[in-house]
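So you can see what is in the structure, the chains are spelled out below.
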Amino acid sequence: MARNSPRTLRRYPGFRWVAGGCLLLLYGPMIVITIYSFNSIRSITTWGGFSFDWYLKAFNNPNIQSATANSLIIAIAAATTATALAVAASLAMIRGPRFKGSEFGFALINLPLMVPEIVTAVASLIFFLAVGINLGLTTILLAHIVFCIPFAYMPIAARLEGIEGFYEDAARDLYASRWETFRYVLLPMMLPGILSGYVLAFIISLDDFIITNLVAGPGATTLPLAIYGMVRVGFTPEINAISTMMLGVSMIFVTVSYLIGRSGAKSKGS
Amino acid sequence: MAGAVPGLSNSVALGIMKPPSTDQVAVSIKSVVKTFGEGPGAVTALDDVSLDIADNEFFTLLGPSGCGKTTLLRIIAGFEDLTNGAVFLYGDEIEQLPPNKRPVNTVFQHYALFPHMGVSENVAFGLRRLKHDEAAIRSRVSEMLELVQLDQLADRLPAQLSGGQQQRVALARALAPNPKVLLLDEPLSALDLKLRQAMRVELKQLQEDTGITFIFVTHDQEEALTMSDRIAVMSAGQVQQIGSADDIYERPVNRFVADFIGDTNLLEVKVTGTAAKGAVTCETGQGIKLTCLPAGAPKKGDRAHVSIRPEKITLTQPSRAKDAIPCTVGRLIYLGTDTQCLVNLDDGTEIMVRNQNAHGSALQFGTGDKAALKLDDGAARLLMD
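Residues numbered from 1 in each chain as written. Chains lettered and ligands numbered in written order. Predicted model: local features only at pLDDT ≥ 70, side-chain atom pairs only at ≥ 80, totals over all residues. Heavy atoms only, no water.

The helix and strand tally for chain B stands at 9 helices and 20 strands. Summarising its shape, the C-alpha atoms of chain B cover approximately 80 × 50 × 40 Å along the three principal directions. A total of 385 residues make up chain B; the buried ones form 51% of that total. Put simply, 68% of the contacts in chain B that link residues at least 6 apart link residues at least 24 apart. (Helix = DSSP H or I, 4+ residues; strand = E, 2+ residues; numbered from the N terminus. Buried < 20%, exposed > 50% of the residue type's maximum accessible area, 1.4 Å probe, protein only. Contact = heavy atoms within 4.5 Å.)

Below, the structure written as structure tokens:
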């Protein structure tokens, strides 16, 4: 027991240096971006004083405005659809009878996690062109739903696996139909998993670049595409401001997801 | 207030009186077979089980784990479909009905209280699904919570209750829709000993007060013996014996029942003849002659077993009397009220004797002493398997 406690872990030679180096590499750039987003001059290397100018500029940039709107619409629609599909899939995989090819089904659900993203992106692009769907928001949304499903599925399935079957037996025993059993017992008990699956899918959709870039077509732009476009032209603290805001949104979502998961684990009790 | 009326016996004060007892059959199990899986890996959980449970009865399914008792309970509740046979509830065939269409409720082993609902919502769940009106639900819930003395805790979540309190909520929830039959799946196994003993008395009282037929599943013979009107002893998917507590302890029909209920000594014997009052005489391999009451109809020359309960043997000083069996005292175990003594017959057969310390009989012996065994009248029971 004592071996694994943080106190003894710190005694390993070089632990401080390795840990410090990792933390610096991970969080150093983000801290720099955040600091320079408040720079008053048009430089990302020298500090000219504190201001909110770049945030105002970002807010008033029509390209950023429309890209943000697109990103949010797609993230909400993709996360909602993917979560609904993931709930249905988890019920079929975990509560349904074992069916022929159920392992294949499981692999299929999780395929987007294993396949290199660029391969999925190219394949999706070819598919959309082949069936003749015009590239745009629709194709982005379809692609996002597909790769969001495994991210929504994982926490939902983990939650459902932790719910003992006797709760459903008890509901059925107390005169609940199959639908009422789901509606009044299983769904509320799955809710923490569903919410964290939703949040995860939302974040994954919000910051996807590779697939979005290939299936977006000429007109439709999401926030990551807009940022990339701006970076190619030249680096300004405006990008820092946008990145900082995205970072903030992600952190809020991850925190919320964590808190929900924790309260779920607590309410499950013994 | 709760302290004034001990246990769950609030029910009388609430006017839930036992209806007149009838000879009606509540649950009838007819030639039920249940197999899990298919082909060579198939497991037979129930192998042609038939039994009738009377209206208003406290009926217990008793057996070791894996004997099929829980499967049978789940078949009555509707959670398992049967491979063959039929199940009747007050004369109606029910095996095609889903669990939510059967007027039967269950108290689960782990209570299965819905963790996201408060105590009163848990109790109200069945009534809501049955579409009772709100006022009726509220009055029934408070009646039930009063019955199990949890009216003070109506707004708590299950996680905020002790094991014993959760148990009572589970009972109230299952009784609220006023089922025709209440199924209890080892409901006391998760409680500690003291609480378990108290709940035995309360459950029996509750059954008598409500007049609902209880079908109780347990592997704990003490639970079964103290509460049940009748007990079905099960093993390997078959009913071995059905009878009162007294029947299965005093008059087991086979070796499994004799061995499973309480402690016993089993000796291999050969039937030698008949004696008065339906008794038979038999002889062990080393020539000890016994007179015993048989289960079944033995014939002279049959090989069988004799079961003798350890408390029906008295350890005495060596004696030349005809019915005294010489032995050597082995290990003595002091049990408080009793002393348990393992003795060896001359051929090495080990016999367990348990004598009350009030008589002081076993305590005067030491390991290695020569002694004799004397059997009570009717102590030996001949089992034909």
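Read on for the rest.
Now for the interface of chain A and chain B. Contacts between the two partners involve 17 residues from chain A and, on the opposite side, 26 residues from chain B. Between chain A and chain B the total buried area reaches about 2000 Å² when both faces are included, carbon and sulfur atoms providing 64% of it. Looking at the side of chain A facing chain B, the largest losses of area belong to A:Asp173, A:Leu174 and A:Tyr175, adding up to 39% of the total buried there. Here chain A is connected to chain B by 3 salt bridges. Linking B:Arg129 and A:Glu180 is a salt bridge whose minimum nitrogen-to-oxygen distance equals 3.7 Å. (Buried area = accessible area lost by both parts, 1.4 Å probe. Salt bridge = Lys/Arg side-chain N within 4 Å of Asp/Glu carboxyl O.)

All names here are of chain B. The strand order around the closed barrel built from 5 strands is E11-E12-E13-E20-E14, with neighbouring strands paired in mixed fashion. Between one strand axis and the next, the sheet turns by 50° as a mean value, whatever way the strands run. Sheet analysis places strand E11 (residues 265-274) next to strand E14 (residues 303-308), joined by 6 bridges and oriented antiparallel. Following the sheet pairing, Glu 268 is matched in E14 by His 305. (Pairing = 2+ DSSP bridges. Axes fitted to C-alpha atoms, helices over the stretch in contact; angles between N-to-C directions.)

This part takes up the environment of B:Val257. Residues and elements named next belong to chain B. For Val 257, the position within the fold is in helix H9 (residues 255-260). For the pair Val 257 and Gln 240, spaced 17 residues apart in sequence, the C-alpha separation works out to 7.0 Å. Ignoring any residue separated from it by four or fewer positions in sequence, one finds Val 257 in contact with Val 233, Gln 240, Gln 241, Ile 248 and Pro 252.

Residue and element names in this part refer to chain A. Within the structure shown, the criterion is met by 17 aromatic pairs over all chains. Both rings, one in Trp 179 and one in Phe 182, keep their centres 5.8 Å apart while their planes meet at 45°; by these two values the pair is tilted. Taken together, the positions of Trp 179 and Phe 182, both in helix H9 (residues 178-206) and 3 residues apart, correspond to about one turn of that helix. Accessibility expressed as a relative area gives 17% for Phe 182, which makes it buried. (Phe/Tyr/Trp six-rings, centres within 6.5 Å; stacked < 30°, edge-to-face > 60°.)

Before going further, it helps to examine the pattern of salt bridges. In the structure shown here, the tally under the stated rule is 22 salt bridges over all chains. Of the charged contacts in the structure, one is a salt bridge between B:Arg74 and A:Asp169, with a shortest N-O distance of 3.1 Å. Of the two residues, B:Arg74 sits in helix H2 (residues 69-77) while A:Asp169 sits in helix H8 (residues 166-173), which places them in two different chains. Judged by relative accessible area, A:Asp169 falls into the buried class, the value being 17%.

This part is about the packing of helix H3 (residues 119-129) of chain B against helix H5 (residues 163-175) of chain B. Residue and element names in this part refer to chain B. At their nearest, the axes of H3 and H5 sit 7 Å apart, and the two run at 30° to each other. Relative to H5, H3 is oriented roughly parallel. The handedness of the crossing between H3 and H5 is right-handed. Residue-level inspection shows Val 119, Asn 122 and Val 123 of H3 in contact with H5, the latter providing Val 169, Ala 172 and Arg 173. In terms of residue class, the contact of H3 with H5 is built from 4 nonpolar, 1 polar and 1 charged. (Parallel < 35°, antiparallel > 145°, perpendicular 65-115°, else oblique. Left-handed = near helix turned anticlockwise from the far one by under 90°. Nonpolar A, V, L, I, M, F, W, Y, C, P; charged D, E, K, R; others polar.)

With that settled, consider the sheet that holds strand E6 (residues 104-107) of chain B. Residue and element names in this part refer to chain B. Ordered by their spatial adjacency, 6 strands build an open sheet running E6-E7-E8-E3-E9-E10, and the pairing between neighbours is mixed. Two strands bound the open sheet, and with one partner strand each, they are E6 and strand E10 (238-243). Ignoring strand direction, the axes of neighbouring strands in this sheet form an average angle of 20°. Examined bridge by bridge, E6 and strand E7 (residues 181-185) share 4 bridges and lie parallel to one another.

Below, the discussion takes up the environment of B:Lys270. Residues and elements named next belong to chain B. You can see Lys 270 is positioned in strand E11. By relative accessible area, which is 38% here, Lys 270 ends up partly exposed. If sequence neighbours within four positions are ignored, Lys 270 has contacts with Cys 282, Glu 283, Gly 301, Asp 302 and Arg 303.

On to the pairing of strand E1 (residues 25-36) of chain B, then. Residue and element names in this part refer to chain B. Judged from the 8 bridges that link them, E1 and strand E2 (residues 43-54) form a sheet pairing that is antiparallel. Bridge pairing in E2 places Ile 29 opposite Leu 51. The turn linking E1 back onto E2 is made up of 6 residues, and Gly 37 within it adopts a positive phi angle of 80°. By the bridge criterion, 5 bridges tie E1 to strand E4 (residues 84-89) in an arrangement that is antiparallel. Paired with Lys 30 across the two strands is Ala 86, which belongs to E4.

Another aspect to go through is unusual backbone geometry. Residue and element names in this part refer to chain B. A positive phi angle is found at Tyr 111, which is not glycine, with a value near 70°. With relative accessibility at 5%, the residue Tyr 111 sits in the buried group. Phi at Asn 178 is positive, roughly 55°, even though this residue is not glycine.

The next thing to look at is the confidence of the model for chain B. When pLDDT is averaged across chain B, the result is 87; 93% of the residues are at 70 or more. Every residue in residues 1-20 of chain B is under pLDDT 50, and counting partners more than four places away or in other chains gives 37 contacts. (pLDDT = per-residue confidence, 0-100.)

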